[in-house]
Amino acid sequence: MPFPQVVAITPSSPADLAGLTPGDEIRSLNGRVPRDIIEYRLLSDEATVEVEIIRGGLALEVIVEKSAGVPLGAEVSSALFDQIRTCDNHCEFCFIYQLPKKMRRSLYVKDDDYRLSFLYGNFTTLTRFTEIDLERVVTERLSPLYVSIHATDPDIRARMLRNRRGATSLRWLRALLDHKIEVHGQVVVCPGINDGWIFADTLGGVLERFPELASVGVVPLGVSQFSKESSMRAHTVDEANTIIDIVEEFQETFLGCLGRRMVYASDEYYLIANRPFPELKQYDEFAQHENGIGMSRLFEETFEGRSSSTEAVRGGFFASIDGAPAIGYRAPTADLSTSRQAVNISKKASQPGVTLLTGLYGSKVLTPILERAGLSDIEIAIVENRFFGGNISVAGLLTGEDLSRTLAGRDPSRRYLIPDVCLSEGRFLDGMMPEDLPVKVEIIEATGKALARALGHRPKNRTSVERVS
Ligand code: SF4
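Residues numbered from 1 in each chain as written. Predicted model: local features only at pLDDT ≥ 70, side-chain atom pairs only at ≥ 80, totals over all residues. Heavy atoms only, no water.

Engineer: Just to check I follow, could you spell out the pattern of salt bridges for this structure?
Structural biologist: Where charged atoms from two side chains of opposite charge approach closely, those side chains can pair. A full pass over the atoms with the stated rule returns 32 salt bridges. When the shortest N-O distance is used, the salt bridge between Glu212 and Arg174 registers 2.8 Å. Taken together, the residues span a long stretch of sequence, with Glu212 in the loop between α7 (196–209) and β8 (215–220) and Arg174 in helix α6 (residues 170–178) at a distance of 38 residues. For Glu212, a relative accessible area of 42% puts it in the partly exposed group. Between Arg415 and Glu442 there is a salt bridge, and its shortest N-O distance comes to 2.8 Å. Of this pair, Arg415 sits in strand β12 (residues 415–419) while Glu442 sits in strand β13 (residues 442–444), placing them 27 residues apart in sequence. As far as burial versus exposure is concerned, Arg415 and Glu442 are alike and both buried. (Salt bridge = Lys/Arg side-chain N within 4 Å of Asp/Glu carboxyl O. Helix = DSSP H or I, 4+ residues; strand = E, 2+ residues; numbered from the N terminus. Buried < 20%, exposed > 50% of the residue type's maximum accessible area, 1.4 Å probe, protein only.)

Pasting the structure below:
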């Protein structure tokens, strides 16, 4: 098993004072070998931590004395120290099978690991979940978790996962809920497979068998040009409308039965169907904001100053697999000093000559917002996603190659703003970096509030909280 390696030490932290340094390989904490960052945190929470390390080939022991619960202050190189649990499914809609060749190896990892579900919000099908896993989840209260449901009919679920254990693995979901673990569900809808009455049956099954679920997000499948599955295709406008209608009908049913809406359709459905997004209050707690549910409505509300809610930003489609330093359990998307720089520039004045680069869906969200704000002079450059092709239109999957083509020959004196969600640890999915683009770009956090700041836009409707601050 590879051992965690210290990559950074917080100055004046217990680890710093005890003499731990970057490069140290941690062999054990109080005699136990941590399997992952969760155990690492638990073990290092003790008041006295005996850390066995290897430094320059020498075995050493460092004793850290601190108050119980105080973090050690040593950041390690990855989140899982043993093997990532890969999935044994072969879903037709799996995006990993639809990637072009020669991308970073880590992007081809099909994980189905409940620990990554807890750490990063990755969805797990539970087909490899065991009694021992359940015991650990319950004992260590690894909550919330995120579970792929897709269909509650056993045969359809097994067919979708191409795994006969898919027919029975939702029993673990029942067990998790019985132990009061918070679980969020997801249904990826594939036209002709689990849409229409099967989708309605799935939501009925959720109400009947899993009413304690915290939320259920409904998202359309993504189909890239590399898909080899002939039965996988994008939704038609009519199909998207039907999904929204079923979701909204079930929201009323759930409200009546459980006092909450529970199920939400992703923004992408409203964009495909050309329907207005639901009102802010209809998203309740925005439980699946990071999965593209309610993101557009909240973006608009915060840009226009009607809401001061915090907008969580999804750290790139593959951020959890690819990144994973231990900081806050999340890989940073980009060097935000660049975006802070952008904010400082824009504070001076709103300037002409600004171009926002985004995908087709982003442009559909941004265009009316800028028009209402009287900022129609700001150009929106739609970046066609030729890298993935198919129906891939979200900003989070923009690549350096596509951005380069869009920016080629452009006026270097303009400001070019790109959302940080298309970066994972400072790189695009194709491995390029912002510095490789033909003109200088500014990386902006993909939130309404950050964009308003970057454009020097002062919304008329600022909330009282913002006015005071
Ligand atoms: S469970 Fe996820 S990773 Fe595994 S095949 Fe299905 S979509 Fe791909």
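Engineer: Just to check I follow, could you spell out helix α13 (residues 360–372) for this structure?
Structural biologist: For the α-helix, the turn length of 3.6 residues means that residues three or four positions removed from each other point alike. Here α13 spans 19 Å end to end across 13 residues, near enough to the 18 Å set by a 1.5 Å rise per residue. Approximately 25° is the largest bend angle found in α13, and it occurs at Leu366, with the proline Pro368 only one to four residues beyond. Where α13 is concerned, the buried positions are Tyr361, Gly362, Ser363, Val365, Leu366, Ile369 and Leu370. Lining the buried residues of α13 we find α9 (267–273), α10 (295–303), β10 (354–358), β11 (379–382) and α15 (448–454). Immediately beyond the C-terminal end of α13, within one or two residues, lies Gly374, with a positive phi of roughly 70°. (Expected span 1.5 Å × (residues − 1). Bend = angle between axes of the 7 residues up to and from the residue. Contact = heavy atoms within 4.5 Å.)

Engineer: What exactly am I supposed to notice about the nonpolar core here?
Structural biologist: Core analysis: the largest hydrophobic core is formed by 114 residues, its most contacted members being Leu173, Leu213 and Leu455. Counting residues per element, this core draws most heavily on helix α8 (residues 237–258), which supplies seven residues. Aside from chain neighbours lying at most four places away, what touches Leu213 is Ile149, Leu173, Leu177, Val183, His184, Gly185, Val206, Arg260 and Met262. If you look at the next biggest cluster of nonpolar residues, it comprises 15 residues, including Leu357, Val383, Ile418 and Val441. (Core = buried A, V, L, I, M, F, W, Y, C linked by side-chain atoms within 4.5 Å.)

Engineer: What exactly am I supposed to notice about the packing of aromatic side chains here?
Structural biologist: To describe a pair of aromatic rings, one takes the distance between the centres and the angle between the planes. Counting across every chain of the model gives nine aromatic pairs. Their ring planes at 70° and their centres at 5.5 Å tell us that Phe129 and Trp172 sit as a pair that is edge-to-face. Taken as a pair, Phe129 in the loop between α3 (114–120) and α4 (131–139) and Trp172 in helix α6 lie far apart in primary sequence, 43 residues in all. Centroid distance Phe250 to Phe254: 6.0 Å. Interplanar angle 45°. Geometry classified as tilted. (Phe/Tyr/Trp six-rings, centres within 6.5 Å; stacked < 30°, edge-to-face > 60°.)

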